[in-house]
Amino acid sequence: MLATIYRGRECLDATPLVADLGDTAPFLAALGRPNEALALARAACPHLRRGLFRRGERAYLFDNHDLVLGWLELFEHTGEAWLLERSRDALDSVRRECEVSGRLVDWGDGKRHAWRASSFNAGFIEVAVDLHRATGDDTYLTWARRWARHILQSRSFRRHGLWSRFDTPRVKLVGAVLGRLSRLGSWRMFKDNTNCVWGLLALHLRAPEPELAAAIARFVRVVGELFQRHGHVPQLAARDPVFDLSANVFVVDLLADIAQFTGQSDALELAVRIADSLEQRRWGNGLLPRGSGQAGDHLDIMTDYGIALCKLHSLRAGEHWRDQAVLGWHATWKQHQSEHGLVLSVDGAGHIVDERVFVKYQFLATKALLVGDHTDVYAEPRLWRLLRDR
């Protein structure tokens, strides 16, 4: 297996890239290296127990989401049936160990489970939909519908239109109290709320329901109100929300998908307004600051910002969006380059702020190559799925 982080030739984190299989192997396959991709996927298997990657006995859903998506995306590129069986085993373990009162909690170990259900876990709705599409097994659609129904019934969403960091399926009031006491606020935009809405959107595309459409539309309205109030989309609901690039980039990405797949014009209009505000922050060297008070950018966010802008171009929001995407990618590849790979962070003068090399980001940076001359990133569904960041 590949290790996680290097500084020069020194390995800083030797954790095998099992949890991040979806950020590595499918890109090898898409770039014409299917044998190496399959070898990487097979090498991940000995690190699994009862279908999932675990820390001790615990299987954290955050550690397993990209793993299962990676198997499914790799299956699309190779047709290897064993990848589907691995996906089935994994999702069955998720349902068996982590479903509590219809919600997916943060971890399980077969005997115990977490008390908290982060809305990030609703991303497994999208996994279930993908597995249904690959197998035709209606069981996975049934699971996805059940998880979505309980997500929509959550106290935080009914009251505020966003999902809390502290949803507690068994005793819902506990989560509400914890949210009020948290100095960072009760909700987090990325990856919690964004993954949740992507899950609902995936299910709505596969099995449309008015409740799903209404929830997605409400999310768009709430994000619009937040942007109007702060001039950006906050990552956290703190008393003094500061700018965070990741929240804004992935909200643009999500809003573009909502506009593409539901036809909501207000989603596209809001995505363009947020992107316009981000362009005002772009440095002269073509990069963007990661957040308020931070000296550098972020390699992976710059990659995905370009994808979001290409989606705006595909939605005919303006030819210049693709130009801005290419500008950012050229700046990223040039200024992040080092002898040992693309470093994590560079400042507005092109000076390296963080010289660590995250191995998975080297693969993810090739999204720019995979987009290539595609003028519409939505035209090929398999490409769109590969470009996802969850």
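Residues numbered from 1 in each chain as written. Predicted model: local features only at pLDDT ≥ 70, side-chain atom pairs only at ≥ 80, totals over all residues. Heavy atoms only, no water.

## So, helix α9 (residues 189–206)
Logical step 1: The terminal C-alpha atoms of α9, which comprises 18 residues, lie 25 Å apart, in line with the 26 Å expected from a rise of 1.5 Å per residue.
Logical step 2: Buried residues dominate α9, accounting for 16 of its 18 residues. (Helix = DSSP H or I, 4+ residues; strand = E, 2+ residues; numbered from the N terminus. Expected span 1.5 Å × (residues − 1). Buried < 20%, exposed > 50% of the residue type's maximum accessible area, 1.4 Å probe, protein only.)

## Focus: the packing of helix α11 (residues 245–262) against helix α12 (residues 265–279)
Relative orientation and spacing of two packed helices are given, respectively, by the angle between their axes and the distance between those axes.
Logical step 1: One way to put it is that α11 packs onto α12 with a least axis distance of 8 Å and a crossing angle of 150 degrees. When the interaxial angle is binned, α11 and α12 end up roughly antiparallel. Along this stretch, α11 crosses α12, giving a crossing that reads as left-handed. Every residue of α12 that contacts α11 at Leu245, Asn248, Val249, Val251, Val252, Leu255, Ala256, Ile258 and Ala259 is listed here: Ala267, Leu268, Leu270, Ala271, Ile274, Ala275 and Leu278.
Logical step 2: Each residue belonging to the contact of α11 with α12 can be placed in one class, and the counts come to 15 nonpolar, 1 polar and no charged. (Axes fitted to C-alpha atoms, helices over the stretch in contact; angles between N-to-C directions. Parallel < 35°, antiparallel > 145°, perpendicular 65-115°, else oblique. Left-handed = near helix turned anticlockwise from the far one by under 90°. Contact = heavy atoms within 4.5 Å. Nonpolar A, V, L, I, M, F, W, Y, C, P; charged D, E, K, R; others polar.)

## As for the pairing of strand β2 (residues 10–13)
Logical step 1: Across 3 bridges, strand β1 (residues 5–7) lies against β2 in antiparallel orientation. By the bridge assignment, Arg7 is partnered in β2 with Glu10.
Logical step 2: The turn linking β1 back onto β2 is made up of 2 residues, and Gly8 within it adopts a positive phi angle of 65 degrees. (Pairing = 2+ DSSP bridges.)

## Overview of the sheet that holds β2
Logical step 1: If you walk across this open sheet you meet the 3 strands as β2-β1-β13, and the pairing is antiparallel. Every other strand in the sheet has two partners, leaving β2 and β13 (357–358) as the edge strands with one partner each.

## Side note on the pattern of salt bridges
Logical step 1: In this structure the tally under the stated criterion is 31 salt bridges.
Logical step 2: Here Glu36 ties to Arg33 by a salt bridge, and the two come within 3.1 Å at their closest N and O atoms.
Logical step 3: Note that Glu99 and Arg146 form a salt bridge whose closest N and O atoms lie 2.7 Å from each other. Placement of Glu99 in strand β6 (residues 99–100) and of Arg146 in helix α6 (residues 138–152) is noted, with a sequence separation of 47 residues between them.
Logical step 4: Each of Glu73, Glu126, Asp130, Arg133, Arg388 and Arg390 takes part in a single network of salt bridges with overlapping partners. (Salt bridge = Lys/Arg side-chain N within 4 Å of Asp/Glu carboxyl O.)

## Observations regarding the environment of Phe261
Logical step 1: Structurally, Phe261 can be placed in helix α11.
Logical step 2: On a C-alpha basis, the gap between Phe261 and Leu201 in space is 8.2 Å, while along the polypeptide they are 60 residues apart.
Logical step 3: Other than its neighbours up to four places away in sequence, Phe261 contacts Leu201, Leu205, Tyr378 and Trp384.

## Remarks on the packing of aromatic side chains
Logical step 1: Applying the stated rule across the entire model yields 9 aromatic pairs.
Logical step 2: Taking the centre distance of 5.2 Å and the plane angle of 75 degrees together, the rings of Phe261 and Trp384 count as edge-to-face. Placement of the pair is Phe261 in helix α11 and Trp384 in helix α17 (residues 381–386), with a sequence separation of 123 residues.
Logical step 3: For Trp384, a relative accessible area of 12% corresponds to the buried category.
Logical step 4: Ring geometry for Phe358 against Tyr361: centres 5.2 Å apart, planes inclined by 20 degrees, an arrangement best described as stacked. The pair formed by Phe358 and Tyr361 is uniform in burial state, with each residue classed as buried. (Phe/Tyr/Trp six-rings, centres within 6.5 Å; stacked < 30°, edge-to-face > 60°.)

## Side note on the side chain of Ser118
Logical step 1: Within the element layout of this structure, Ser118 appears in the loop between β8 (107–108) and α5 (123–135).
Logical step 2: Owing to a relative accessible area of 7%, Ser118 belongs among the buried residues under this scheme.
Logical step 3: One polar contact links the side chain of Ser118 to the main-chain amide nitrogen of Phe120, over a distance of 3.1 Å.
Logical step 4: With sequence-adjacent residues up to four places away left out, Ser118 is seen in contact with Arg103, Leu104, Asp106 and Asp192. (Polar contact = N/O pair within 3.5 Å; in protein donor to acceptor, adjacent residues only side chain to side chain.)

## Considerations on a nonpolar patch on the surface
Logical step 1: Taken together, the side chains of Val171, Leu173, Val174 and Val177 define a hydrophobic patch exposed on the protein surface, amounting to about 330 Å² of accessible area.
Logical step 2: Mapped onto the secondary structure, Val174 falls in helix α8 (residues 172–181). (Patch = residues over 30% accessible without salt bridge, like charges linked within 9 Å, V, L, I, M, F, W, Y side chains within 5 Å. Areas by Shrake-Rupley, 256 points an atom, 1.4 Å probe, with all protein chains shown as cover.)

## A closer look at helix α4 (residues 81–98)
Logical step 1: Here α4 spans 26 Å end to end across 18 residues, near enough to the 26 Å set by a 1.5 Å rise per residue.
Logical step 2: Every buried residue of α4 is listed here: Leu83, Leu84, Ser87, Ala90, Leu91, Ser93, Val94, Glu97 and Cys98.

## Observations regarding empty space enclosed by the protein
Logical step 1: Enumeration according to the criterion identifies 2 cavities of 30 Å³ or more in this entry.
Logical step 2: In this structure, the largest cavity spans a volume of roughly 100 Å³.
Logical step 3: Gly22, Asp23, Phe27, Asp66, Leu69, Gly70, Glu73, Leu364, Lys367, Leu386, Arg388 and Arg390 are the residues that line the largest cavity.
Logical step 4: Tallying contributions element by element places helix α3 (residues 61–78) first for the lining of the largest cavity, with 4 residues.
Logical step 5: Residues that form the lining of the largest cavity fall into these classes: 4 nonpolar, 2 polar and 6 charged.
Logical step 6: Split into classes, the residues belonging to the lining of the second largest cavity amount to 4 nonpolar, 3 polar and 1 charged. (1 Å grid on protein atoms, 1.4 Å probe; cavity = no way out; pocket = protein on both sides within 12 Å on 5 of 7 lines; lining within 4 Å. Points joined across faces, edges and corners; volume = space filled by probe spheres on them.)

## Brief notes about the nonpolar core
Logical step 1: Counting 132 residues, the largest nonpolar core has Leu91, Met189 and Leu200 as the members making the most contacts within it.
Logical step 2: Looking at this core, the element that brings in the most residues is α11, giving 11 residues.
Logical step 3: Filtering out sequence-adjacent residues up to four positions away, Met189 remains in contact with Leu162, Thr194, Phe219, Val223, Leu226, Val233, Pro234, Gln235, Ala247 and Val251. (Core = buried A, V, L, I, M, F, W, Y, C linked by side-chain atoms within 4.5 Å.)

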